Amino acid sequence: MFTAKSMLFIYVETPLHAGTGRGLGAVDLPIQRERTTGYPIVQASGLKGRLRAAARGRAKDSPTEQDQQQGWLSTKEFLAIFGPETAHASDYAGALSTGDARILLFPVRSLASVFAWVTSCDALARFLREAEMVGLKPGWPLPLAPGKDTALVNGTALLAGDSVVLEEFSFKPDTSQAAVVKAIGEWLAKNALPQTGYDYWKAALPTKLCILHEEAFRDFVLYGTEVQTHIKLDPDTKTVAGKMLWTTESLPVDSLLYVPLMAGPSRAHGVDLDGQAILQKVASLGLTRTQLGGDETTGQGIVALRFVNSNGDRPGSAATPGGKQ
Amino acid sequence: MMQLFLEPVDVWLFRDGKPFDAGSDHRARSLFPPSPHVMQGVIRSHHLVVKGVDLRDRQAIEAAVGTVNDFRGLCLRGPFIARREGQNGQIVRYFPVPADVIPDEKAGGYRLLHPRLRGDTPDVLTSAPPELPMLLWPLEDTEPTKKEFGQWMSETELLKCLQGQPARAIHSSHLFVHENRFGIGLNDATCTTEEGALYEVDFIRPCKDVGLWVQVEGYDGWPATGTLRIGGEARGAHFSQIETALAWPQPHNRLSARFKVYFASPAFFKDGWKPRSGWEQFFDGDVTLQAVALNRYEVIGGYDWAANRQKPACRYVPAGSVYYFAAVGDAQLRQDVITEDGAEIGFGQVILTG
């Protein structure tokens, strides 16, 4: 019973490890992935938990009018939006529903221009479907899918000689759909990248964008993630403690993910908020940055957030920045 | 009447009836497709939104959609797994493989078991109740292989199978996969893990173009497309009204002397696998049960949000079960559902073949 929807974009600023809790592959601590595609995700439960934690810090029993203008919630509103505490979970359902965060742009090392943002028609089509659901109108068409060894690019920024070389793989550049690639890059730069401090990246995105065949994209998001090796030192001997060597996988810096946010009317008595007001309250928390995933104390998982509603504006921009920074 | 095709926004969670609190009960499993109980809740909840009913006003809710056991004019069929297929994206329903078949690789598919009178069969020990005069046996030229769990048939293949023709099934992994997710409980104040709060939840991720088909009668005013809330964790589903409605396989007006009933959705009987007040309540004419191919019972419960309590968990005859009947003279099915509870919301949906 969703009556309002919007989109949350997540831009990864430090490596993001949203872990699965177990791993059977080469990496000890892999990241969360979709079961069918292998694409990286951040599961909704972790994301909503972080939003809830941030909102809790912006909730008080009796906020003044000025507080509310600054994005503060009443405790009742907080519970109506995110649901009651676990002990009272069956009292009523929370009004906000977050989907999984899904990958849209993935940075890959490039021989030219240092790195490229890669995506695929498959990833773009999924995004377009969710964008349509939330009422966004990107205004660019889905490009025709490139061949397996072809990369759709806009211009020559990613060309090393006559090839696009990503990691150790070479692709034939195809500029026949350059206008579409440019339109996608410009729309994402304008609507999805963080609002402030990203002017350079917004200008670079249309030229660094590279649309690959879906299998090539899948291979990069499967095998092109960041893998960090960790050890634990014995404080007395300053040598590695027994068996304390492990690897951790992370989504690399400059990945872009998106999350559909859906809301229905409040079910909590005494809180009269419809779905649109619920999303407005969440966006107005002023949450422009937060931390997701593990290793918070070592600076991992810092992400920039951008809420975009169906009108294409940013409801959070009007609020005074606050919450967890 | 409208027919809906529901597709996931990402994953779905339809918990079974086992307790789960993310602590001592740390594992939640999913059922797929969800039970009609779940679907009626989804449809009725969304109808409240379509009609603009205040979700906190119990009287308005009851006026609009009824109560937990009073569904007013609502009549559901489904939910069934369905997939968009072909160039025109036609919706194809999928059903569990009937319980009265065995795989025979030599024959190139599934083959029916055949009912034989008890006296005609070799001496066997069986738990089949003595009131059933027939037992189900493979044909002599069948070379049975071990049944594989989680097999589904398209509607076309199912109808062929029920009529005794070789039919093919596909594994559930072609339709949906289970996605196990670990979770931890975090203490917001300390940013540390809650003691004992490590849990695992089994989500369902339908494959590309796979979703749920459901037919809704009694409600109107819905948009052609939209998004609704479904299952655990308030996950989302895109719905779209199907323009070319799918018909339900109808039996002949008069049933043949021997016919069988395939349960496409779970059915509830007060005496477990059979109705307490006899089969006469479902058929006009003289009908007697001959044999049964029954899968393991399915426990279905649920949560009553209106009363804020658990619904009683009951055992249901699972989808895929097949009942064999004999009819004397003219006999016909009185209604196209066979169940002693939940007929309005989709339990006991049956397909009859002669």
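Above this text is the structure in question.
This structure is a prediction, so every number in the text was calculated from the model and none was measured.

A look at the interface of chain A and chain B
Taken residue by residue, the interface counts 43 residues in chain A and 32 residues in chain B. Roughly 3100 Å² of surface becomes buried between chain A and chain B when both sides are summed, with 52% attributable to carbon and sulfur atoms. At the junction of chain A with chain B, the criterion picks out six salt bridges. In this structure, A:Asp272 engages B:Arg56 in a salt bridge whose closest nitrogen and oxygen atoms are separated by 3.1 Å. The interface formed by chain A and chain B holds twelve residue pairs in polar contact (both at pLDDT 80 or more) in total. Those elements giving two or more residues to the side of chain A that touches chain B turn out to be α1 (44-56), β5 (96-98), α4 (121-134) and β15 (256-263) of chain A.

A word on the packing of helix α1 (residues 36-50) of chain B against helix α2 (residues 58-65) of chain B
All names here are of chain B. Contact geometry of α1 with α2 gives a least axis separation of 10 Å together with a crossing angle of 110°. The angle between α1 and α2 falls in the class roughly perpendicular. Where α1 abuts α2, its residues Arg44, His47 and Leu48 lie against Ile61, Ala64 and Val65. For the contact of α1 with α2, a count of residues per class yields four nonpolar, one polar and one charged.

Observations concerning the packing of aromatic side chains
Two numbers describe a pair of aromatic rings. These are the distance of the centres and the angle of the planes. All names here are of chain B. Following the criterion strictly, the structure yields 37 aromatic pairs over all chains and no others. Measuring from ring centre to ring centre gives 6.1 Å for Phe80 and Trp213, while their planes differ by 15°; the resulting arrangement is stacked. Taken together, the residues span a long stretch of sequence, with Phe80 in strand β3 (residues 75-85) and Trp213 in strand β12 (residues 210-217) at a distance of 133 residues. Residue classification places Phe80 among the buried residues on the basis of a relative accessible area of 3%. Three or more aromatic residues link up through ring pairs in this structure, and these residues are Phe259, Phe263, Phe269, Trp279, Phe282, Phe283, Tyr323 and Phe325.

Brief notes about a nonpolar patch on the surface
A surface patch of nonpolar side chains, about 370 Å² in accessible area, is lined by A:Ile231, A:Leu233, A:Val240 and A:Leu245. Taken together, the elements giving at least two residues each to the nonpolar patch come down to β13 (226-233) and β14 (240-250) of chain A.

Comments concerning the pairing of β3(B)
Residue and element names in this part refer to chain B. In this structure, β3 lies alongside β12, joined through seven bridges in antiparallel fashion. Within β12, the position partnered with Ile81 by the bridge is Leu212. In this structure, β3 lies alongside strand β4 (residues 90-96), joined through five bridges in antiparallel fashion. Bridge assignment links Arg83 to a residue of β4, and that residue is Val92. Taking the residues between adjacent antiparallel strands as the criterion, β3 and β4 are bridged by four residues, where Gly86 takes a positive phi near 75°.

Details of the sheet that holds β4(B)
Strand order in this open sheet of eight strands is β9-β8-β4-β3-β12-β1-β14-β13 (chain B), and the pairing throughout is antiparallel. The open sheet has two free edges, formed respectively by β9 (170-171) and β13 (225-230) of chain B, since each of these has just one partner strand. One ladder, built from three bridges, connects β4(B) with strand β8 (residues 151-154) of chain B; its direction is antiparallel. Bridging across to β8(B), B:Tyr94 finds its partner in B:Ser154. In the packing of α4(A) onto the sheet, contacts are made with β1 (2-8), β13 and β14 (235-241) of chain B, and the angle to β14(B) comes to roughly 85°.

Definitions and cut-offs
Residues numbered from 1 in each chain as written. Chains lettered and ligands numbered in written order. Predicted model: local features only at pLDDT ≥ 70, side-chain atom pairs only at ≥ 80, totals over all residues. Heavy atoms only, no water. Contact = heavy atoms within 4.5 Å. Buried area = accessible area lost by both parts, 1.4 Å probe. Salt bridge = Lys/Arg side-chain N within 4 Å of Asp/Glu carboxyl O. Polar contact = N/O pair within 3.5 Å; in protein donor to acceptor, adjacent residues only side chain to side chain. Helix = DSSP H or I, 4+ residues; strand = E, 2+ residues; numbered from the N terminus. Axes fitted to C-alpha atoms, helices over the stretch in contact; angles between N-to-C directions. Parallel < 35°, antiparallel > 145°, perpendicular 65-115°, else oblique. Nonpolar A, V, L, I, M, F, W, Y, C, P; charged D, E, K, R; others polar. Phe/Tyr/Trp six-rings, centres within 6.5 Å; stacked < 30°, edge-to-face > 60°. Buried < 20%, exposed > 50% of the residue type's maximum accessible area, 1.4 Å probe, protein only. Patch = residues over 30% accessible without salt bridge, like charges linked within 9 Å, V, L, I, M, F, W, Y side chains within 5 Å. Areas by Shrake-Rupley, 256 points an atom, 1.4 Å probe, with all protein chains shown as cover. Pairing = 2+ DSSP bridges.

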